[in-house]
Amino acid sequence: MSFPKNFLWGGDISANQCEGGWNEGGKSPNETDFQTGGTKTTPRMLTYRNADGTYGKVAGTIGFTRLPEGAKYAIIDGEFYPNHKATDFYHHYKEDIKMLAEMNFKVFNMTLSWARILPNGVEGGINREGVKFYRDVFKELKKYNIEPHVHLYKYDMPVYYIEKYDGWSNRALIDEFSEFAKIAFKEYDGLVKYWSTFNEINIVQLMGPLSGRSDQDLYTQLHHQLVASARVVRYAHENYPELKVGCMVAGLFTYPYTCDPVDQQANQKFMQDNFYYCADTFVRGYYPSYAKRLWKEKNVQLDITEQDKEDLLAGKVDYMEFSYYFTNVVTLHAEGLETTAGNLTFGIRNPYLNVSEWGWAIDPDGLKYYLHEMYDRWQIPLLNCENGLGATDVLEEDGSIHDPYRIEYHRAHI
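In this text the structure is predicted, and so the values were computed from the model without any measurement.

### Examining the overall build of the protein
Looking only at helices and strands, the protein has 14 helices and 12 strands in total. Across its three principal directions, the C-alpha atoms of the protein cover 60 × 55 × 50 Å. Buried residues in the protein amount to 52% of all 414 residues. Here the contacts in the protein between residues at least 6 apart in sequence split such that 73% fall between residues at least 24 apart. Accessible area for the protein stands at about 20,000 Å²; split by element, carbon and sulfur atoms hold 52% of it. The distance from the centre of the 42 positive side-chain charges to the centre of the 57 negative ones in the protein is 4 Å.

### Topic: the pairing of strand E11 (residues 327-330)
Neither face of E11 is open: one carries Thr327 and Val329, the other Asn328 and Val330, and all of them are buried. Where strand E9 (residues 253-256) meets E11, 4 bridges bridge the pair, whose relative direction is parallel. Counterpart to proline 256 in the pairing with E11 is valine 330.

### Considerations on the sheet that holds strand E3 (residues 55-58)
Read across the open sheet, the 3 strands follow the order E3-E2-E4; overall the sheet is antiparallel. Both edges of this open sheet fall to E3 and strand E4 (72-73), since each of them pairs with a single strand only. Relative to E4, strand E2 (residues 46-49) is paired through 2 bridges, and the arrangement is antiparallel. Looking at the pairing, tyrosine 48 lines up with tyrosine 73 of E4.

Conventions we followed
Residues numbered from 1 in each chain as written. Predicted model: local features only at pLDDT ≥ 70, side-chain atom pairs only at ≥ 80, totals over all residues. Heavy atoms only, no water. Helix = DSSP H or I, 4+ residues; strand = E, 2+ residues; numbered from the N terminus. Buried < 20%, exposed > 50% of the residue type's maximum accessible area, 1.4 Å probe, protein only. Contact = heavy atoms within 4.5 Å. Areas by Shrake-Rupley, 256 points an atom, 1.4 Å probe, with all protein chains shown as cover. Lys, Arg positive; Asp, Glu negative; His and termini not counted. Charge placed at Lys NZ, Arg CZ, Asp CG, Glu CD. Pairing = 2+ DSSP bridges.

Spelled out as C-alpha coordinates, the structure:
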(Lines give C-alpha, C1' and ligand atoms only; values in the text may rest on other atoms or scores of the structure.)
Protein backbone atom coordinates (compact mmCIF):
# COMPACT_ATOMS: atom_id res chain seq x y z
CA MET A 1 0.00 0.00 0.00
CA SER A 2 1.00 3.61 -0.46
CA PHE A 3 -0.55 6.95 0.36
CA PRO A 4 -2.48 8.56 -2.53
CA LYS A 5 -0.88 11.51 -4.29
CA ASN A 6 -3.49 13.91 -2.89
CA PHE A 7 -2.98 12.75 0.72
CA LEU A 8 -2.90 15.82 2.98
CA TRP A 9 0.48 15.79 4.75
CA GLY A 10 0.98 18.78 7.00
CA GLY A 11 0.95 20.19 10.50
CA ASP A 12 -1.08 22.21 12.92
CA ILE A 13 -0.97 25.49 14.85
CA SER A 14 -3.61 27.64 16.53
CA ALA A 15 -3.93 31.39 16.89
CA ASN A 16 -3.89 31.53 20.68
CA GLN A 17 -0.94 29.14 20.98
CA CYS A 18 1.32 30.44 18.20
CA GLU A 19 0.15 33.72 16.74
CA GLY A 20 1.16 36.30 19.36
CA GLY A 21 0.34 39.93 18.56
CA TRP A 22 -2.28 39.67 21.28
CA ASN A 23 -3.08 43.42 21.34
CA GLU A 24 -2.04 44.41 17.83
CA GLY A 25 -3.88 44.94 14.58
CA GLY A 26 -7.20 45.84 16.15
CA LYS A 27 -7.59 42.55 18.00
CA SER A 28 -9.50 42.56 21.27
CA PRO A 29 -8.40 40.27 24.14
CA ASN A 30 -9.23 36.58 24.40
CA GLU A 31 -9.56 34.81 27.71
CA THR A 32 -6.22 33.11 27.01
CA ASP A 33 -4.51 36.51 26.97
CA PHE A 34 -4.94 36.59 30.75
CA GLN A 35 -3.54 33.12 31.41
CA THR A 36 -0.07 32.86 32.91
CA GLY A 37 2.55 30.24 32.17
CA GLY A 38 2.73 26.99 34.12
CA THR A 39 4.84 23.88 34.57
CA LYS A 40 4.25 20.17 35.07
CA THR A 41 3.65 20.82 38.78
CA THR A 42 2.19 24.35 38.82
CA PRO A 43 -1.03 25.24 37.03
CA ARG A 44 -1.54 28.11 34.66
CA MET A 45 -3.51 30.91 36.29
CA LEU A 46 -6.12 33.36 35.04
CA THR A 47 -5.51 36.86 36.37
CA TYR A 48 -8.12 39.48 37.20
CA ARG A 49 -8.84 42.74 39.00
CA ASN A 50 -11.54 42.94 41.65
CA ALA A 51 -14.06 45.75 41.89
CA ASP A 52 -12.09 47.23 44.80
CA GLY A 53 -8.94 47.48 42.66
CA THR A 54 -7.09 44.49 44.13
CA TYR A 55 -5.72 41.77 41.85
CA GLY A 56 -6.24 38.05 42.02
CA LYS A 57 -5.49 34.74 40.30
CA VAL A 58 -7.48 31.59 39.81
CA ALA A 59 -6.42 28.20 38.49
CA GLY A 60 -9.11 27.69 35.94
CA THR A 61 -10.01 26.01 32.70
CA ILE A 62 -10.20 28.14 29.59
CA GLY A 63 -13.76 28.77 28.49
CA PHE A 64 -15.46 27.77 31.72
CA THR A 65 -13.98 29.63 34.70
CA ARG A 66 -16.12 32.26 36.37
CA LEU A 67 -14.32 35.15 38.05
CA PRO A 68 -15.42 36.51 41.44
CA GLU A 69 -18.46 38.78 41.37
CA GLY A 70 -17.55 42.16 39.92
CA ALA A 71 -14.05 41.10 38.78
CA LYS A 72 -12.67 41.74 35.30
CA TYR A 73 -9.81 40.05 33.49
CA ALA A 74 -6.60 42.03 33.96
CA ILE A 75 -2.85 41.86 33.34
CA ILE A 76 -0.66 41.75 36.45
CA ASP A 77 2.78 43.34 36.08
CA GLY A 78 5.59 40.84 36.42
CA GLU A 79 3.54 37.81 35.39
CA PHE A 80 4.45 35.78 32.30
CA TYR A 81 1.70 35.44 29.71
CA PRO A 82 3.15 33.04 27.10
CA ASN A 83 0.64 33.60 24.33
CA HIS A 84 1.23 37.37 24.20
CA LYS A 85 4.16 36.61 21.93
CA ALA A 86 4.03 32.81 21.59
CA THR A 87 6.05 31.80 18.51
CA ASP A 88 5.24 35.20 17.01
CA PHE A 89 3.59 33.83 13.87
CA TYR A 90 1.85 37.21 13.56
CA HIS A 91 5.14 38.86 12.63
CA HIS A 92 7.03 35.92 11.11
CA TYR A 93 4.43 33.96 9.13
CA LYS A 94 6.29 34.42 5.84
CA GLU A 95 9.49 32.90 7.23
CA ASP A 96 7.55 30.12 8.95
CA ILE A 97 5.57 29.19 5.84
CA LYS A 98 8.73 29.16 3.74
CA MET A 99 10.25 26.59 6.12
CA LEU A 100 7.07 24.51 5.98
CA ALA A 101 7.33 24.52 2.20
CA GLU A 102 10.91 23.24 2.49
CA MET A 103 9.43 20.32 4.46
CA ASN A 104 7.02 19.62 1.58
CA PHE A 105 3.89 20.51 3.53
CA LYS A 106 0.74 19.92 1.50
CA VAL A 107 -1.71 21.31 4.08
CA PHE A 108 -1.46 23.76 6.97
CA ASN A 109 -4.02 23.47 9.77
CA MET A 110 -4.56 26.80 11.54
CA THR A 111 -7.23 28.86 13.28
CA LEU A 112 -8.77 32.28 12.91
CA SER A 113 -8.85 34.36 16.05
CA TRP A 114 -12.51 35.32 16.50
CA ALA A 115 -11.38 38.44 18.41
CA ARG A 116 -9.16 39.53 15.52
CA ILE A 117 -12.06 39.46 13.05
CA LEU A 118 -14.90 40.64 15.32
CA PRO A 119 -13.20 42.36 18.28
CA ASN A 120 -16.49 43.47 19.83
CA GLY A 121 -18.97 41.06 18.37
CA VAL A 122 -21.18 41.52 15.35
CA GLU A 123 -22.45 44.85 16.66
CA GLY A 124 -18.87 46.18 16.83
CA GLY A 125 -18.25 45.49 13.16
CA ILE A 126 -15.50 43.78 11.18
CA ASN A 127 -11.86 44.54 11.92
CA ARG A 128 -10.47 44.99 8.41
CA GLU A 129 -6.87 44.83 9.59
CA GLY A 130 -7.52 41.39 11.04
CA VAL A 131 -9.23 40.24 7.85
CA LYS A 132 -6.25 41.40 5.82
CA PHE A 133 -3.75 39.58 8.05
CA TYR A 134 -5.35 36.19 7.41
CA ARG A 135 -5.81 36.93 3.72
CA ASP A 136 -2.09 37.60 3.48
CA VAL A 137 -1.36 34.33 5.29
CA PHE A 138 -3.56 32.38 2.89
CA LYS A 139 -1.93 34.01 -0.13
CA GLU A 140 1.49 33.13 1.23
CA LEU A 141 0.42 29.50 1.66
CA LYS A 142 -0.96 29.39 -1.88
CA LYS A 143 2.35 30.75 -3.15
CA TYR A 144 3.95 27.48 -2.01
CA ASN A 145 1.00 25.29 -3.05
CA ILE A 146 0.12 24.60 0.59
CA GLU A 147 -3.59 24.09 1.19
CA PRO A 148 -4.93 25.98 4.23
CA HIS A 149 -7.24 24.05 6.55
CA VAL A 150 -8.91 26.55 8.85
CA HIS A 151 -10.58 26.10 12.24
CA LEU A 152 -12.96 28.83 13.36
CA TYR A 153 -12.69 28.19 17.11
CA LYS A 154 -10.03 26.75 19.39
CA TYR A 155 -10.12 27.69 23.09
CA ASP A 156 -9.98 31.42 22.39
CA MET A 157 -13.24 32.92 23.56
CA PRO A 158 -13.18 36.72 23.12
CA VAL A 159 -13.52 38.41 26.50
CA TYR A 160 -16.25 40.56 24.96
CA TYR A 161 -18.51 37.49 24.79
CA ILE A 162 -17.66 36.35 28.30
CA GLU A 163 -18.47 39.69 29.84
CA LYS A 164 -21.63 40.33 27.82
CA TYR A 165 -23.08 36.84 27.36
CA ASP A 166 -21.29 34.46 29.77
CA GLY A 167 -19.85 32.69 26.75
CA TRP A 168 -21.43 29.60 25.26
CA SER A 169 -23.93 29.34 28.10
CA ASN A 170 -25.94 31.90 26.15
CA ARG A 171 -27.84 30.79 23.05
CA ALA A 172 -27.08 34.19 21.49
CA LEU A 173 -23.60 32.92 20.65
CA ILE A 174 -25.06 30.58 18.04
CA ASP A 175 -26.00 33.59 15.94
CA GLU A 176 -22.75 35.42 16.71
CA PHE A 177 -20.64 32.42 15.66
CA SER A 178 -22.74 31.89 12.54
CA GLU A 179 -22.14 35.49 11.48
CA PHE A 180 -18.42 35.09 12.16
CA ALA A 181 -18.36 32.06 9.85
CA LYS A 182 -20.32 33.86 7.13
CA ILE A 183 -17.79 36.69 7.18
CA ALA A 184 -14.91 34.22 6.95
CA PHE A 185 -16.47 32.31 4.02
CA LYS A 186 -17.11 35.54 2.12
CA GLU A 187 -13.76 37.21 2.80
CA TYR A 188 -11.69 34.13 1.95
CA ASP A 189 -13.75 32.77 -0.90
CA GLY A 190 -11.37 31.18 -3.37
CA LEU A 191 -8.51 31.03 -0.85
CA VAL A 192 -9.76 28.40 1.61
CA LYS A 193 -11.51 25.19 0.61
CA TYR A 194 -11.29 23.17 3.85
CA TRP A 195 -12.93 24.57 6.98
CA SER A 196 -13.60 23.28 10.46
CA THR A 197 -16.03 24.72 12.97
CA PHE A 198 -14.62 23.68 16.35
CA ASN A 199 -11.36 22.20 17.57
CA GLU A 200 -11.81 19.40 20.15
CA ILE A 201 -15.46 20.28 20.70
CA ASN A 202 -15.73 17.68 23.47
CA ILE A 203 -13.29 19.63 25.64
CA VAL A 204 -16.44 20.87 27.40
CA GLN A 205 -16.95 17.35 28.73
CA LEU A 206 -13.29 16.82 29.62
CA MET A 207 -12.21 20.11 31.21
CA GLY A 208 -15.51 21.74 32.04
CA PRO A 209 -16.12 19.75 35.26
CA LEU A 210 -12.86 21.13 36.68
CA SER A 211 -14.37 24.63 36.59
CA GLY A 212 -17.07 23.85 39.12
CA ARG A 213 -19.85 24.60 36.65
CA SER A 214 -22.88 22.34 36.74
CA ASP A 215 -23.42 19.54 34.24
CA GLN A 216 -26.58 21.36 33.18
CA ASP A 217 -24.56 24.43 32.25
CA LEU A 218 -21.77 22.50 30.53
CA TYR A 219 -24.07 20.38 28.38
CA THR A 220 -26.08 23.48 27.51
CA GLN A 221 -22.84 25.08 26.30
CA LEU A 222 -22.02 21.99 24.28
CA HIS A 223 -25.50 21.90 22.74
CA HIS A 224 -25.13 25.50 21.61
CA GLN A 225 -21.76 24.66 20.04
CA LEU A 226 -23.11 21.59 18.24
CA VAL A 227 -26.02 23.60 16.85
CA ALA A 228 -23.70 26.48 15.88
CA SER A 229 -21.43 24.02 14.09
CA ALA A 230 -24.31 22.46 12.19
CA ARG A 231 -25.73 25.85 11.24
CA VAL A 232 -22.36 26.90 9.81
CA VAL A 233 -21.98 23.66 7.85
CA ARG A 234 -25.51 24.05 6.52
CA TYR A 235 -24.83 27.63 5.43
CA ALA A 236 -21.65 26.57 3.64
CA HIS A 237 -23.38 23.76 1.80
CA GLU A 238 -26.23 26.03 0.69
CA ASN A 239 -24.07 29.01 -0.35
CA TYR A 240 -20.58 27.65 -1.08
CA PRO A 241 -21.08 24.08 -2.35
CA GLU A 242 -17.39 23.78 -3.26
CA LEU A 243 -16.36 24.05 0.40
CA LYS A 244 -15.74 21.07 2.66
CA VAL A 245 -16.48 21.57 6.36
CA GLY A 246 -15.66 19.32 9.30
CA CYS A 247 -15.59 19.47 13.08
CA MET A 248 -13.00 18.00 15.43
CA VAL A 249 -13.21 15.82 18.53
CA ALA A 250 -10.42 15.27 21.04
CA GLY A 251 -9.35 11.66 20.58
CA LEU A 252 -10.14 9.95 23.86
CA PHE A 253 -9.48 6.38 22.77
CA THR A 254 -9.63 3.64 25.38
CA TYR A 255 -9.41 -0.10 25.90
CA PRO A 256 -10.97 -2.23 28.65
CA TYR A 257 -8.23 -3.23 31.08
CA THR A 258 -9.56 -6.75 31.65
CA CYS A 259 -11.86 -9.20 29.90
CA ASP A 260 -14.38 -8.89 32.73
CA PRO A 261 -17.67 -7.95 31.04
CA VAL A 262 -18.09 -5.02 33.42
CA ASP A 263 -14.82 -3.55 32.14
CA GLN A 264 -15.99 -4.07 28.56
CA GLN A 265 -19.20 -2.22 29.32
CA ALA A 266 -17.36 0.51 31.25
CA ASN A 267 -15.10 1.08 28.24
CA GLN A 268 -18.08 1.23 25.87
CA LYS A 269 -19.75 3.76 28.15
CA PHE A 270 -16.60 5.90 28.40
CA MET A 271 -16.24 6.05 24.62
CA GLN A 272 -19.90 6.89 24.15
CA ASP A 273 -19.97 9.60 26.79
CA ASN A 274 -16.68 11.33 25.99
CA PHE A 275 -15.93 10.78 22.30
CA TYR A 276 -18.87 9.48 20.30
CA TYR A 277 -21.47 11.79 21.91
CA CYS A 278 -20.24 14.77 19.89
CA ALA A 279 -18.85 12.87 16.91
CA ASP A 280 -22.02 10.86 16.26
CA THR A 281 -24.12 14.01 16.52
CA PHE A 282 -22.30 16.09 13.94
CA VAL A 283 -21.73 13.14 11.59
CA ARG A 284 -25.27 11.69 11.78
CA GLY A 285 -27.18 14.92 12.34
CA TYR A 286 -28.96 13.99 15.56
CA TYR A 287 -28.16 13.02 19.13
CA PRO A 288 -27.38 9.29 19.49
CA SER A 289 -29.72 7.00 21.44
CA TYR A 290 -27.37 6.76 24.43
CA ALA A 291 -27.54 10.53 24.91
CA LYS A 292 -30.80 10.07 26.85
CA ARG A 293 -29.02 7.75 29.28
CA LEU A 294 -26.19 10.25 29.71
CA TRP A 295 -28.55 13.20 30.28
CA LYS A 296 -30.49 11.19 32.87
CA GLU A 297 -27.30 10.23 34.74
CA LYS A 298 -26.17 13.84 34.86
CA ASN A 299 -29.64 15.28 35.50
CA VAL A 300 -29.43 17.39 32.35
CA GLN A 301 -32.43 18.75 30.48
CA LEU A 302 -31.61 20.47 27.20
CA ASP A 303 -33.71 23.05 25.40
CA ILE A 304 -33.65 21.38 21.98
CA THR A 305 -35.87 23.34 19.65
CA GLU A 306 -37.35 22.13 16.40
CA GLN A 307 -35.02 24.57 14.64
CA ASP A 308 -32.08 22.98 16.45
CA LYS A 309 -33.11 19.55 15.19
CA GLU A 310 -33.49 20.88 11.65
CA ASP A 311 -30.07 22.56 11.75
CA LEU A 312 -28.33 19.46 13.15
CA LEU A 313 -29.80 17.24 10.44
CA ALA A 314 -29.07 19.68 7.62
CA GLY A 315 -25.57 20.48 8.87
CA LYS A 316 -23.82 17.12 8.85
CA VAL A 317 -20.07 17.43 8.42
CA ASP A 318 -18.22 16.43 5.27
CA TYR A 319 -15.38 14.73 7.12
CA MET A 320 -14.50 13.66 10.65
CA GLU A 321 -11.53 15.23 12.44
CA PHE A 322 -9.80 13.94 15.53
CA SER A 323 -6.61 14.20 17.56
CA TYR A 324 -4.51 11.15 18.37
CA TYR A 325 -1.73 11.27 20.94
CA PHE A 326 -2.22 8.17 23.10
CA THR A 327 -4.71 5.62 24.38
CA ASN A 328 -6.00 4.96 27.89
CA VAL A 329 -7.50 2.01 29.71
CA VAL A 330 -10.78 1.77 31.59
CA THR A 331 -11.36 -0.59 34.49
CA LEU A 332 -13.49 -1.07 37.56
CA HIS A 333 -10.64 -3.12 39.10
CA ALA A 334 -8.19 -0.29 39.77
CA GLU A 335 -7.07 -1.31 43.26
CA GLY A 336 -3.40 -2.32 43.35
CA LEU A 337 -2.69 -1.51 39.70
CA GLU A 338 0.23 0.63 38.59
CA THR A 339 -0.78 4.22 37.91
CA THR A 340 0.58 6.68 35.39
CA ALA A 341 0.68 10.43 35.88
CA GLY A 342 -1.18 12.32 33.22
CA ASN A 343 -3.52 9.49 32.25
CA LEU A 344 -6.95 10.95 31.58
CA THR A 345 -9.08 7.98 32.56
CA PHE A 346 -8.45 6.43 35.95
CA GLY A 347 -4.66 6.83 35.91
CA ILE A 348 -4.06 3.13 35.18
CA ARG A 349 -0.87 2.15 33.37
CA ASN A 350 -1.30 -0.08 30.32
CA PRO A 351 1.35 -2.77 30.99
CA TYR A 352 1.74 -3.55 27.28
CA LEU A 353 2.78 -0.05 26.24
CA ASN A 354 5.69 2.29 26.87
CA VAL A 355 4.89 5.83 27.95
CA SER A 356 6.30 9.27 27.21
CA GLU A 357 7.83 11.35 29.97
CA TRP A 358 4.39 12.99 30.26
CA GLY A 359 2.91 9.62 31.15
CA TRP A 360 1.09 9.23 27.83
CA ALA A 361 0.96 5.72 26.39
CA ILE A 362 2.77 5.38 23.05
CA ASP A 363 0.40 3.29 20.95
CA PRO A 364 0.83 3.33 17.15
CA ASP A 365 -1.28 0.16 16.85
CA GLY A 366 -4.11 2.04 18.54
CA LEU A 367 -4.15 4.55 15.70
CA LYS A 368 -4.70 1.76 13.19
CA TYR A 369 -7.37 0.15 15.36
CA TYR A 370 -9.38 3.33 15.81
CA LEU A 371 -9.04 4.43 12.19
CA HIS A 372 -10.87 1.21 11.31
CA GLU A 373 -13.43 1.73 14.08
CA MET A 374 -14.23 5.28 13.04
CA TYR A 375 -14.38 4.64 9.32
CA ASP A 376 -16.61 1.60 9.76
CA ARG A 377 -18.89 3.67 12.02
CA TRP A 378 -19.31 6.72 9.73
CA GLN A 379 -17.80 5.94 6.31
CA ILE A 380 -16.74 9.51 5.63
CA PRO A 381 -13.18 10.86 5.17
CA LEU A 382 -11.05 11.07 8.32
CA LEU A 383 -8.54 13.77 9.22
CA ASN A 384 -6.04 13.31 12.05
CA CYS A 385 -5.21 16.99 12.53
CA GLU A 386 -3.39 16.77 15.89
CA ASN A 387 -0.72 14.28 16.93
CA GLY A 388 2.85 14.10 18.11
CA LEU A 389 5.15 13.62 21.08
CA GLY A 390 5.87 16.14 23.82
CA ALA A 391 9.28 15.90 25.48
CA THR A 392 11.86 17.96 27.33
CA ASP A 393 14.23 18.62 24.45
CA VAL A 394 17.83 19.79 24.81
CA LEU A 395 18.85 22.81 22.76
CA GLU A 396 22.40 22.39 21.49
CA GLU A 397 24.87 25.28 21.23
CA ASP A 398 24.34 25.48 17.48
CA GLY A 399 20.59 25.83 17.98
CA SER A 400 19.72 22.30 16.89
CA ILE A 401 17.73 19.66 18.75
CA HIS A 402 18.52 15.97 18.39
CA ASP A 403 15.29 14.08 19.02
CA PRO A 404 15.47 10.52 17.66
CA TYR A 405 12.71 9.60 20.15
CA ARG A 406 10.29 11.90 18.34
CA ILE A 407 11.35 10.63 14.93
CA GLU A 408 10.76 7.07 16.08
CA TYR A 409 7.34 8.02 17.49
CA HIS A 410 6.21 9.43 14.14
CA ARG A 411 7.81 6.62 12.14
CA ALA A 412 5.91 4.01 14.15
CA HIS A 413 2.57 5.77 13.78
CA ILE A 414 2.97 6.50 10.05
